Amino acid sequence: MSSTVETDTTIDVTETAAEEALGLLNGENMDTNEAGLRLFVRQGGCAGLSYGMRFDNEPEADDTIYEHHGLRIFVDPASMNYIEGSILDFEGGLQGEGFHVENPNVVSECGCGESFRT
């Protein structure tokens, strides 16, 4: 199965989040035409699931690829089941610094906001 580039948005990225991620990718000297931000879900946390993010040089064969504001987002099929319809944002400030996933599929989150349940 080959990678696909989605035009109908099921994972969206705010302009602020894209700018922050692209700045980090450039800081790592990664080619933003091929490299991107992998967004995934893993088991863990007090609510059962947690988000993970990392930079990858290229997508995997079965990834869905989204492009927003010049940033490529890679999502594996298993993670898509949990995060479809989400928005990736970046929150600045003294206590809110970092990437945040706004996920419409979440039915509950832990008190610290690090894990969730769908």
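Residues numbered from 1 in each chain as written. Predicted model: local features only at pLDDT ≥ 70, side-chain atom pairs only at ≥ 80, totals over all residues. Heavy atoms only, no water.

Caption draft 1: Looking closely at a negative patch on the surface. A contiguous patch of negative charge, built from Asp31, Glu34, Glu58, Glu60 and Asp62, is present on the exposed surface. Within the secondary structure, Glu58 sits in the loop between strand E4 (49–56) and strand E5 (64–68). (Patch = residues over 30% accessible without salt bridge, like charges linked within 9 Å, V, L, I, M, F, W, Y side chains within 5 Å. Areas by Shrake-Rupley, 256 points an atom, 1.4 Å probe, with all protein chains shown as cover. Salt bridge = Lys/Arg side-chain N within 4 Å of Asp/Glu carboxyl O. Lys, Arg positive; Asp, Glu negative; His and termini not counted. Charge placed at Lys NZ, Arg CZ, Asp CG, Glu CD. Helix = DSSP H or I, 4+ residues; strand = E, 2+ residues; numbered from the N terminus.)

Caption draft 2: Quick look at the pattern of salt bridges. Scanning the model with the defined rule gives 4 salt bridges in all. We note a salt bridge from Arg54 to Asp56, for which the minimum N-O separation is 3.0 Å. Linked by salt bridges that have partners in common, Arg38, Arg54, Asp56 and Asp63 make up one network.

Caption draft 3: Local environment of the nonpolar core. Counting 23 residues, the largest nonpolar core has Ile11, Val13, Leu71, Ile73, Val75, Ile83 and Leu88 as the members making the most contacts within it. Looking at this core, the elements with two or more residues in it are helix H1 (15–27), strand E3 (36–43), E4, strand E6 (71–75), helix H2 (77–83) and strand E7 (87–91). With 5 residues, H1 is the single largest residue contributor to this core. Contacts of Val75, omitting those with residues within four sequence positions, involve Ile11, Arg38, Leu39, Asp63, Thr64, Tyr66, Met80 and Ile83. (Core = buried A, V, L, I, M, F, W, Y, C linked by side-chain atoms within 4.5 Å. Buried < 20%, exposed > 50% of the residue type's maximum accessible area, 1.4 Å probe, protein only. Contact = heavy atoms within 4.5 Å.)

Caption draft 4: Representation of the environment of Arg38 in the model. Position of Arg38 relative to the elements: it lies in strand E3. We classify Arg38 as buried; its relative accessible area is 4%. Taking the C-alpha atoms as reference points, Arg38 and Asn57, separated by 19 residues in sequence, lie 9.8 Å from one another. Ignoring sequence-local partners within four residues, the contact set of Arg38 consists of Gly52, Met53, Arg54, Asp56, Glu58, Pro59, Glu60, Asp63, Phe74, Val75 and Asp76. Within the structure, Arg38 has its side chain in polar contact with the side chain of Asp56 (distance 2.4 Å). (Polar contact = N/O pair within 3.5 Å; in protein donor to acceptor, adjacent residues only side chain to side chain.)

Caption draft 5: A look at unusual backbone geometry. Residues other than glycine seldom take positive phi values, yet Asn29 does so here, at roughly 55°. Looking at the secondary structure, you find Asn29 in the loop between H1 and E3. Classification of Asn29 as exposed rests on a relative accessible area of 71%. With a phi close to 55°, His69 is a non-glycine residue in the positive phi region. Summarising the element assignment, His69 is placed in the loop between E5 and E6.

Caption draft 6: The sheet that holds E7, seen in detail. Read across the open sheet, the 3 strands follow the order E2-E7-E8; overall the sheet is mixed. Two strands bound the open sheet, and with one partner strand each, they are strand E2 (12–13) and strand E8 (98–102). Here E2 pairs with E7 via 2 bridges, running parallel. Within E7, the residue paired with Val13 across the bridge is Leu88. In this fold H1 packs onto E2, E7 and E8, with an angle of close to 75° to the strand it touches most, E7. (Pairing = 2+ DSSP bridges. Axes fitted to C-alpha atoms, helices over the stretch in contact; angles between N-to-C directions.)

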